[in-house]
Structures are given as structure tokens and as C-alpha cells.
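Understanding the architecture of this molecule
Listed below are the residues making up each chain.
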Amino acid sequence: MSPIVKILLFMFSCVLTNNYIFSRFLGVCPFLGVSGKVETAFGMGLAVTFVMSLASLFTYFVYYYVLVQLGLEYLSTIAFILVIASLVQVVEMFLKKASPSLYGALGIYLPLITTNCAVLGVTLLNITETYNLLYSVLNGAFGALGFMLAIVLMAGVRERLESAKIPAPFKGFPISLIIAGLMSIAFMGFSNMFAGVM
Amino acid sequence: MATFLKILYAVAALGGLGILFGIVLGFVGKKFAVKVDERVQAVRAAVAGANCGACGYAGCDAFAEAVVKGEADPAGCTPGGSKSAKEIAAIMGVDAKDTEPMVARVRCQGTCENVSPRYDYSGIQSCRAASSMSGGPSACEFGCVGLGDCVARCPFGAISIVDGVATIDEDKCTGCGVCVETCPRGIINLLPRDQTVVVMCRNKAIGRIARLQCKTACVGCKRCEKQCPSDSIHVIDGVAIIDETTCTRCGACIQVCPMHCIINFYERGDMVNEAEA
């Protein structure tokens, strides 16, 4: 198989098969917290994409050129958190300047990207799966796009729910959690999709 | 020695990374610095800064922005009082109106001694929940429930429950009015700080029933109304109420009230003793 096809397949598998929310159950907090409106969900997705891609890039260098050289691989988690926290700070300052309305809409969930386990999950998985630099960044970027897909889909469904007739006990979060579960089951259909070719 | 080196490496590596990221963040922070109107910061410094929300905006920052935009009244910060109103007016270049300092007062003397309970309440410890249970656990369905919804909401820690009735520390109270909204019974009112003569009851029941409910209930006898030299106290809806714009604080009503439910706030020592005196 040519390397380009391999990379394309890898990208698809990041978005669909190994979706961080529906298959690995990472990053569920912002998935439920910011999926009220499609616009904010999209903004959140963009912010997470930015942080995840850059985090994958930087943590690759931090791990292989600093930690491995010094024999400090066991510090990877805390070092990665440092990288992610700094990146989130950068994103926050940038958004405050560039788009105050999105900054206001994301609210507390923006600094909470720091503790979004999907971001830390990507960077740590890059190491355990021994991806090279290209694959690490692709994993970050397309994993985040998968996150964005999930959160935007969820926001779409929840916007429709606003006008739907829901029995009182299911209103609000209960129905959201049920939907999240159903979507997760739907995404199970993608599992092993590329197993034969990869 | 080897262990020591390992520790040193770990500290140096993380410390170095931290410093590196810090420097980068510093640069980015400078580059993306958002220019804030100086007046917003000046106004923000002039308000009381308790984030109490009494102005109707989401915190002091939002209020400061609204003032600079011209949406909010410069005197809108009640806790800051006339001091901050003047400062803000000076920043914004408008004339300051003198605002009367307000204070929240609990119009109830329904202490454990004065009001007996009707039933034992063991539900959610909240006045709002308790008062929805067939008129509340105490005999008087107008008075203080004493479960402290206002205590929990007060941003200045000025309220405490003393002997079953909310009591406001007037030194701490800034008159923000959060408790006024919170009280399910509506017995906390914002009054001018110098309005020292206060009718301490909101019981609208007819005299005979009010008397049964509480030892110091207003029975609506109208003696105060007849005694008042400035015609500023009236029994409306079965309960006496003072018009603070005309009241001269002479205290004639205090003398004649048979139920001792009108008091002078600054002469009040212990609530219960005053009521029984």
C-alpha cells in the first residue's frame, strides 16, 4: 500500500474508528458542557483542534528531545500537562483579542481545555503507540476533528431537542446522556472498519 | 550521588520547560494584549467590588463596562453607596446625585419565644421549601422562617439567625438588596439608614388571629395612626406601615403600640427584652 493511502486511512480512522469521545470516552466533559449550541460547539471544536495539534507537535519534541535524552520518560505526564496548559493560555489570549463573543460563549470551558482528558490522552497515546512526528500531529489534528464532529453533531441534536416534547424526568441532562450513548453505539459501526487494510 | 543527579535532572528539565513556556507566554500576552478603556478600570476600582449583582449586571466588571458604555446608572452600585457614585460620576464627567444610604431590615420579631411552632419541620433546610409546606412550620405564616436562605445569599456575611429570626448586622450591610429578593416571606426591606423607627411586623391577619400567632404581631388597632403627629403611619391590609418620606422619627407610635411591634432600631438592645418591656 502506498504511504499516502496509508496516511489517508490513518486520518479517517482517527476521526471515525478511534473517535476520542465515542470510542475512547475521553473529553466527555466539554462534550456535554458546550454542546448546547452549534456555533459554540464549533468554536470549541476549533479551539480543541488547535490545542491538540500543537500539543501533539510540542510534546513530541519535549518527549524525544528532552525527556528521553535525560532518561526522564516517567515525567511525560506532568511535562505534557505543562505544554497543554501553556497552549491553552495562548489560545485564551488569542481568542480574547480576536473574538470576544466566542470567548464569552466558551466561558469556563475554554480554560478547562487544559484539563480536557482528550488532549492529554492524544499526547500520551502518541508516545505509547510510538507514532513518528507526522503521525503524532495527524493523530492530534484528526482526533480533534473527530471530537469536533462529535460535539457539533451532539449540539445539532440538542438544538432540535429544544422544541421536542420530552417527558419531564428526561428533560435536560438525562436525555443528553441517552443521546450520547446512542451516538456512541452508532459510532461502534465504524469499529474494525480499516482493520483489514491497515 | 546518582540518585541526586537524577533528581537534579528532573527538576532542571521541568523547571527549564516551565521557564521557557513562561517566556513564550509573556511574549504572546504582550502581543495579544486587549486594550481596555481606562475608564472601565477606574470605574471597576471605584465600585464596592463584592460581585453581589445588586446593580443587575453579572458582577462588577460587567457593571463597570455598562457604566462606561452609558447603559448603567453611575449611581447603580448600591453597596458602594454615595461614595462610589461620586467617584464614578467624576470619572464619567457627570454630576453625582446624592444617594441615600440604604440598609436592609428584617421586619419580624417572631423569635422562638414570641411564636410557637405549628409542626416539626424536617424537610429541606430552606425557607422557600419550608414556607411552601402548608404555610410554613411556625404559627405565623407572615414572619421569618429562620432557616437562613438570606444568610446563605448575603454576599457580605451580614446576616445571622438569632433566636429563630434573621438579624442583620447594620455595620456590614451595604444595602445591596440580595436578601430582599431572596426572602420568600418578603419581610426584609431596604430602608433609609436613618429611618430608625420601624414597624417590626408584616402580619396581615386580623387582630384576633395575629395575636394568637405571635406575641408581638401588629393587630391593626390603628392607635399609632391616631397618635402620629405627621400622619405618616397607616394601617394598610391589616398591618401598620410607615411612610419614610414624611416620618419625623419622633417615636410617638412606639409609645402607644400595645403589641410593642414598633421599635426604634438604634435604641433596640436585645430583641426579646424590648418586645416584652
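See the structure above.
Small disclaimer: the values here were computed from a predicted structure and weren't measured. Throughout, a residue's number is its position along its own chain's written sequence, starting from 1. Chains and ligands are labelled by the order in which they are written, letters from A for the one and numbers from 1 for the other. Whole-chain, interface and lining totals are the exception, using all residues; otherwise, since this is a predicted model, local features are given only for residues with pLDDT of at least 70 and side-chain atom pairs are given and counted only at 80 or more. The basis for every side-chain value is the complete set of non-hydrogen atoms in the structure, without hydrogens or water.

1. So, helix α8 (residues 173-188) of chain A
All names here are of chain A.
- Every helix listed is a DSSP run of H or I at least four residues long, and every strand listed is a run of E at least two residues long, numbered separately from the N terminus. In a helix, the anticipated span is given by 1.5 Å times the number of residues less one. Helix length check: α8, at 16 residues, gives a terminal C-alpha distance of 23 Å against a target of 22 Å (1.5 Å per residue), a fit within 8%.
- Three or more residues of α8 are buried, namely I175, S176, I179, A180, M183, S184 and F187.
- Packing partners of the buried residues in α8 comprise α1 (3-17), α2 (28-33) and α7 (133-161). Burial status follows relative accessibility: with a 1.4 Å probe on protein chains alone, a residue under 20% of its type maximum counts as buried, one over 50% as exposed, and anything between as partly exposed. Whether two residues touch is decided by their heavy atoms; if any such pair falls within 4.5 Å, the residues are in contact.

2. Section: the packing of helix α2 (residues 38-46) of chain B against helix α3 (residues 60-69) of chain B
All names here are of chain B.
- Note on geometry: axes are C-alpha line fits, over the in-contact stretch for helices, and angles between N-to-C directions span 0 to 180 degrees. Where α2 meets α3, the axes come as close as 8 Å, and the angle between the chain directions of the two elements is 130°. The angle between α2 and α3 places the two elements in the oblique class. Crossing angle aside, the handedness with which α2 passes α3 is right-handed. Taking contact as the criterion, the partners of R39, V40, V43 and R44 in α2 are, on α3, C60, D61, A64, E65, V67 and V68.
- Looking at the contact of α2 with α3, its residues break down into 6 nonpolar, no polar and 4 charged. Between 65 and 115 degrees an angle is taken as roughly perpendicular, under 35 as roughly parallel, over 145 as roughly antiparallel, and anywhere else as oblique. Helix crossings fall into two classes, left-handed where the near helix is turned counterclockwise from the far one by less than a right angle and right-handed where it is turned clockwise. When residues are sorted by character, Ala, Val, Leu, Ile, Met, Phe, Trp, Tyr, Cys and Pro go into the nonpolar class, Asp, Glu, Lys and Arg into the charged class, and all the rest, Gly among them, into the polar class.

3. Some words on the packing of helix α3 (residues 38-70) of chain A against α7 of chain A
Residue and element names in this part refer to chain A.
- Two numbers describe how α3 lies on α7: the axes approach to 8 Å, and their chain directions differ by 165°. As judged from the angle between their axes, α3 and α7 are roughly antiparallel. As for how α3 packs across α7, the hand of that crossing is right-handed.

4. Considering the interface of chain B and chain A
- On the chain A side, the residues contacting the 14 residues of chain B number 17 residues.
- Buried area: the accessible surface (1.4 Å probe) lost by two parts on joining, summed over both. Buried area between chain B and chain A, summed over both chains or domains, comes out near 1,400 Å², and the portion from carbon and sulfur atoms is 88%.
- Broken down residue by residue, the surface that chain B buries against chain A is led by L14, F21 and F32 of chain B, which jointly contribute 37%.
- Here, a salt bridge means any Lys or Arg side-chain nitrogen found within 4 Å of an Asp or Glu carboxyl oxygen. Put simply, chain B and chain A have 0 salt bridges between them.
- Across the side of chain B that touches chain A, the residue classes break down as 11 nonpolar, 2 polar and 1 charged.

5. Overview of a positive patch on the surface
- A contiguous patch of positive charge, built from R211, K222, R223 and K226 of chain B, is present on the exposed surface.
- Within the secondary structure, K226 of chain B is located in helix α9 (residues 223-227). Only residues above 30% relative accessible area that lack a salt bridge enter a patch, with like-charged residues linked at up to 9 Å and the nonpolar side chains Val, Leu, Ile, Met, Phe, Trp and Tyr linked at up to 5 Å. For the area figures, the Shrake-Rupley method with a 1.4 Å probe applies, and any residue is considered shielded solely by the protein chains shown. Charge assignment: positive for Lys and Arg, negative for Asp and Glu; neither His nor the chain ends contribute. The atoms used to mark charge sites are NZ of Lys, CZ of Arg, CG of Asp and CD of Glu.

6. A word on unusual backbone geometry
Residues and elements named next belong to chain B.
- At D163, a residue that is not glycine, the phi angle is positive and equals roughly 55°.
- With respect to the helices and strands, D163 occurs in the loop between β2 (159-162) and β3 (165-168).
- We classify D163 as partly exposed; its relative accessible area is 35%.
- Despite not being glycine, D231 shows a phi value in the positive range, around 50°.
- Mapped onto the elements, D231 comes out in the loop between α9 and β6 (233-236).

7. Considerations on α2 of chain B
Residue and element names in this part refer to chain B.
- Within the span of α2, buried status applies to V40, V43 and A46. Taken down its axis, α2 places every buried residue within 125° of arc, on the same side. Among the exposed residues of α2, those pointing more than 90 degrees away from its buried face are E38, Q41 and A45. Directions are taken from the helix axis to each C-beta atom, and the arc is the one they span.

8. Structural notes on the side chain of S138 of chain B
Residues and elements named next belong to chain B.
- Residue placement: S138 occurs in the loop between α5 (127-131) and α6 (149-153).
- Overall, the relative accessible area of 17% leaves S138 in the buried class.
- Polar contact criterion, stated in full: a pair of N or O atoms within 3.5 Å, where within protein one must be able to donate a hydrogen and the other to accept it, and residues adjacent in sequence count only if both atoms are side-chain atoms. At 3.1 Å, the side chain of S138 and the backbone oxygen of C140 are in polar contact.
- If we skip the residues at most four places from it in the chain, S138 touches V115, S116, P117 and R118.

9. Concerning the packing of aromatic side chains
All names here are of chain A.
- Stacked, tilted and edge-to-face pairs are distinguished by plane angle, under 30 degrees for stacked and over 60 for edge-to-face with tilted covering the rest, among Phe, Tyr and Trp rings (Trp via its six-membered ring) whose centres lie within 6.5 Å. This model, assessed by the stated rule, comprises 13 aromatic pairs over all chains.
- Each ring, one from F10 and one from Y131, has its centre 5.2 Å from the other, and the planes form 80°; the classification is edge-to-face. Here F10 is found in helix α1, whereas its partner Y131 is found in the loop between α6 (117-128) and α7, with 121 residues between them in sequence.
- Relative accessible area serves as the criterion here: at 4%, F10 is assigned to the buried category.

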